[in-house]
Amino acid sequence: MSLSIRYTRGLLLDLRRRLSFVRSAHDLLEVKRDQEIKEISSAIERLRELRAALEKKIEDVLRDLAMLQAAYGSQELISASKLMRDKIEIEVIPRNVMGVNVPVVRLVKLPEIRGKYPPHVEGLAEKARGVFEDLLRVAELEAFIELIAEDLRRTNIRVNALEKVIIPGYENMIKRISDVVEQSALEDFIRVKLVKRALERRREEERA
Amino acid sequence: MSSSALNQFIEGLSGTAYEHYISGSKTLDEIERGLAEALVDRLAALLSLAEGGARSFLKAYLGKYETINLTWILRMKIGESTGEELEMILLPTEKLGGIELKPLLEARDLQALRDAIQRSGMYELSKDADDPLQLEADLWRSHYRRVFKLASRIRISDSREVRGFLGLEVDLANLKTCMLALLRGWDPEKVKQLLIFNPAGIPLKKLREAIEERDPKVLVERFRMFKGFLEKALASDEWALEFEGLRIMKRYADSQRISKFISFFYILKYILELEVEYRNLRAIAVAIRHNLPQSLRRSLLIMD
């Protein structure tokens, strides 16, 4: 922080005003940081639950896939998988959370499964389709956590910089300026006293 | 881990007829291809021994592997797969005297493929159907029509057993379609279009009436002979239905007491045994690859 220092009362007042502004910014950032920590903790909790449920579903799908593969062979499943021509449509909308743009994934269209696959493969396709929705929720939550965590890191750096560098810097400067201003006020006072005493002495000599 | 276990599987088959087909295989796909090739070679050897009407029938019956190939080609063409991708999955059915697959693989789109299949003169596809499942059903219908037609030319004394075997095969296929489609809530009209006419088994009329009820339990009630088979589907194990179907076929083949030393039924039984062995080996390889628990592995095998 480089400031050209003018040891004046005006600057002292200005610095005190600035310090008060920086302190309220620091308090605000601290509130933001606490809120972000809360958001991340609850999102991690939700992610843990969602992921556990998703992993269970995926395990189930993989088990069914393995069993179907054992029953019908890989070729049957590979060829059946080509029957689906419809595409999944999703929409990613940004949402502002404490100044951070996080994505919200909206499922616009999931392909219709019924009657599109041979009946012995449809059950597996239906299960895999069910997993997809959960996968999107997990991806959305992971992106949310990642973006908020990145912002938390930046907020933390700012809070620390204010706490450890900027506020102490201002306080030091204010102290130095206020010392100098007080010193100069005292010198002025003494100087006035001396001048007053000298004038009185001269007046007394003239009278005598 | 599964890779070394697959190596053990390959080593386990060394010294058998399969060694030549799967030694050096690195992946499950390669093993599956090797096993399928071994099956087709054995069937081709069997076909080369047959003569006259028996040969014609056998060729038509073995056409089921060609029909399987055609359903795969159909699906892959819909998915716009390349010729190389297709060649990777196909069974070498040309060894069984089937139609030439090259023109089918070169077909630009579904329409060109349909035309090429029609030109072979072996299959009849519905003109206005564009639903792949209906086209697959058309292929199977053509196959079984041809097989039943030729079955009637087999010596009369063998014909009853052969027709019984074929009838059971079609019944199981039809019931599987009905059961799974109803469980998934398909429109009965669509299900009806997928059924195969069976001159030696459950009449289509009976199946259609049962489908109209839209209730899978009705199928179990009306076709009590297949109760165990149909209940596998109710337990929501689609895969188990396939194994159970083969088990029923094998039990049926084993239970038949043929009074003669020479009967065409033995050939069908032998083909079934080859198919069962192929399916068992494939299931073991898949189970190893996916590290399935021992309890499940047993349920994948078709045993005596």
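Note: the structure precedes this text.
Residues numbered from 1 in each chain as written. Chains lettered and ligands numbered in written order. Predicted model: local features only at pLDDT ≥ 70, side-chain atom pairs only at ≥ 80, totals over all residues. Heavy atoms only, no water.

Caption draft 1: Representation of the overall build of chain A in the model. When its secondary structure is counted, chain A shows three helices and two strands. Helices (α) and strands (β) of chain A occur, in sequence order from the N terminus, as α-α-β-β-α. The globule rule puts the C-alpha radius of gyration for 208 residues at 17 Å, and the 36 Å found for chain A is more than 25% above it. Taken over the C-alpha atoms alone, chain A extends approximately 130 × 25 × 20 Å along its principal axes. Counting across all 208 residues of chain A, residues that qualify as buried make up 34%. Partitioning the intrachain contacts of chain A with sequence separation of at least 6 by distance along the chain shows that 75% fall at a separation of at least 24. (Helix = DSSP H or I, 4+ residues; strand = E, 2+ residues; numbered from the N terminus. Rg over C-alpha atoms; globule rule 2.2 N^0.38 Å. Buried < 20%, exposed > 50% of the residue type's maximum accessible area, 1.4 Å probe, protein only. Contact = heavy atoms within 4.5 Å.)

Caption draft 2: Examining a negative patch on the surface more closely. Negative charge collects at one region of the surface, where A:Glu200, A:Glu204, A:Glu205 and A:Glu206 lie side by side. For A:Glu204, the position within the fold is in helix α3 (residues 119-207). (Patch = residues over 30% accessible without salt bridge, like charges linked within 9 Å, V, L, I, M, F, W, Y side chains within 5 Å. Areas by Shrake-Rupley, 256 points an atom, 1.4 Å probe, with all protein chains shown as cover. Salt bridge = Lys/Arg side-chain N within 4 Å of Asp/Glu carboxyl O. Lys, Arg positive; Asp, Glu negative; His and termini not counted. Charge placed at Lys NZ, Arg CZ, Asp CG, Glu CD.)

Caption draft 3: Quick look at the interface of chain B and chain A. With 37 residues of chain B in contact, the opposing surface of chain A contributes 28 residues. Overall, the association of chain B and chain A removes approximately 3,000 Å² of surface from exposure, summing both partners, and the carbon and sulfur fraction of that is 60%. Looking at the side of chain B facing chain A, the largest losses of area belong to B:Arg75, B:Arg184 and B:Trp239, adding up to 21% of the total buried there. At the surface where chain B touches chain A, the tally comes to four salt bridges. One salt bridge connects A:Glu122 with B:Arg184, and the closest N-O pair in it is separated by 3.2 Å. (Buried area = accessible area lost by both parts, 1.4 Å probe.)

Caption draft 4: Spatial organisation of the pairing of strand β2 (residues 100-109) of chain A. All names here are of chain A. Pairing of strand β1 (residues 89-97) with β2, which is carried by nine bridges, proceeds in the antiparallel orientation. Bridge assignment links Glu91 to a residue of β2, and that residue is Arg106. In sequence, β1 turns back onto β2 through a hairpin of two residues, with Met98 there showing a positive phi of about 50°. (Pairing = 2+ DSSP bridges.)

Caption draft 5: Quick peek at the environment of B:Ile89. Relative to the elements of secondary structure, B:Ile89 occurs in helix α5 (residues 83-89). What makes B:Ile89 buried here is its relative accessible area of 5%. Sequence separation between B:Ile89 and B:Glu277 is 188 residues, and the spatial gap between their C-alpha atoms is 20 Å. Those residues in contact with B:Ile89, other than ones at most four positions away along the chain, are A:Gln75, A:Ile78, A:Ser79, B:Trp72 and B:Met76.

Caption draft 6: Representation of the environment of A:Glu112 within the structure. All names here are of chain A. Mapped onto the elements of the fold, Glu112 is located in the loop between β2 and α3. Counting along the chain gives 24 residues from Glu112 to Ile88, while the straight-line C-alpha distance between them is 9.8 Å. Those residues in contact with Glu112, other than ones at most four positions away along the chain, are Met84 and Asp86. Within the local environment of Glu112, its side chain forms a polar contact with the backbone nitrogen of Arg114, the two atoms lying 3.3 Å apart. (Polar contact = N/O pair within 3.5 Å; in protein donor to acceptor, adjacent residues only side chain to side chain.)

Caption draft 7: Looking closely at helix α13 (residues 227-234) of chain B. Along α13(B), the positions that sit buried rather than exposed are B:Phe229, B:Leu230 and B:Ala233. On an axial view of α13(B), the arc spanned by its buried residues comes to 90°, and they lie on one face. (Arc of directions from axis to C-beta.)

The values reported here are purely geometric and, on their own, carry no functional implication.
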